[in-house]
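Residue strings, one per chain:
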Amino acid sequence: MHNEAKRFARDDYDILLIVTRATRKVVGTAGEAPDHVQLVDGPDAVDDVTVRDESKVIWLSRPR
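Just so it is clear, the model here is predicted, and its values are computed rather than measured. Counting restarts for each chain: residues are numbered from 1 in the order of the written sequence. Local features in this predicted model are restricted to residues of pLDDT 70 or higher, and side-chain atom pairs are both shown and tallied only at a pLDDT of 80 or more, whereas totals for entire chains, interfaces and linings draw on every residue. Only hydrogens and water are removed before side-chain values are computed, so all heavy atoms of the structure are retained for them.

(A) Molecular detail of the pairing of strand β1 (residues 14-18). Buried residues are those whose accessible area, probed at 1.4 Å on protein chains only, stays under 20% of the maximum for their type, while exposed residues exceed 50% and partly exposed ones sit between those limits. For helices the rule is a DSSP run of H or I covering at least 4 residues; for strands it is a run of E covering at least 2, with both sets numbered from the N terminus onward. Burial within β1 is extensive, with four of its five residues counted as buried. Note on pairing: DSSP must find at least two bridges between two strands before they are called paired. Relative to strand β2 (residues 37-40), β1 is paired through four bridges, and the arrangement is parallel. Bridging across to β2, L16 finds its partner in Q38.

Shown next as structure tokens:
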């Protein structure tokens, strides 16, 4: 997940990181591209998401 975050950030994507809780891996991934990553921890968090360009949004999640 770290490499994907870095790659999409390099291409100037907004990255929505879908999480169930903030584990060390999640925090580490978000730290790879803090200007591009937004943590989304449930349906209520979607209302707080903002993106700069709707054609350049990607979502990542960590498999269980």
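(B) Structural context of the packing of aromatic side chains. Two aromatic rings, drawn from Phe, Tyr or Trp (for Trp, its six-membered ring), form a pair once their centres lie within 6.5 Å of each other, and the interplanar angle then sorts them: stacked below 30 degrees, edge-to-face above 60, tilted otherwise. Applying the stated criterion to the full structure yields one aromatic pair. Plain terms: the ring middles of F8 and Y13 are 5.3 Å apart, the flat faces sit at 70° to each other, and that makes the pair edge-to-face. Charges are assigned to positions over rings by a cutoff of 6 Å between ring centre and Lys NZ or Arg CZ, combined with an angular limit of 35 degrees from the ring normal. In this structure, R7 packs its charged tip against the face of F8, placed 4.5 Å from the ring centre.

(C) Inspection of the sheet that holds β2 at higher detail. Read from one edge to the other, the open sheet built from three strands follows the order β2-β1-β3, with strand pairing classed as parallel. Two strands in the sheet have a free side with no partner beyond their single neighbour: β2 and β3 (57-61). Geometrically, the sheet is characterised by an average inter-axis angle of 25° between neighbouring strands, direction not taken into account. Helix axes use the C-alpha atoms of the stretch in contact, all axes being lines fitted to C-alpha atoms, and the angles between their N-to-C directions lie in the range 0 to 180 degrees.

(D) The pattern of salt bridges, seen in detail. Salt bridge, as applied in this entry: a Lys or Arg side-chain nitrogen positioned within 4 Å of an Asp or Glu carboxyl oxygen. A full pass over the atoms with the stated rule returns two salt bridges. Notably, a salt bridge pairs D12 with R52, separated by 3.1 Å at the nearest N-O pair. Highlighted residues: D12 in the loop between α1 (2-10) and β1 and R52 in the loop between β2 and β3, separated in sequence by 40 residues. Judged by relative accessible area, which is 52%, R52 ranks as exposed. The residue R52 makes a salt bridge to D14 at a minimum N-O spacing of 3.1 Å. Within this pair, whereas R52 is found in the loop between β2 and β3, its partner D14 is found in strand β1, the two being separated by 38 residues in sequence. Members of the salt-bridge network, linked through shared partners, are D12, D14 and R52.

(E) The environment of I18, seen in detail. Mapped onto the fold, I18 is located in strand β1. Residues I18 and Q38 lie 20 residues apart in sequence; the distance between their C-alpha atoms is 8.6 Å. In this description, contact between two residues means that some pair of their heavy atoms is separated by no more than 4.5 Å. Those residues in contact with I18 that lie beyond four places of it in its chain are V40, W59, L60, S61 and R62.

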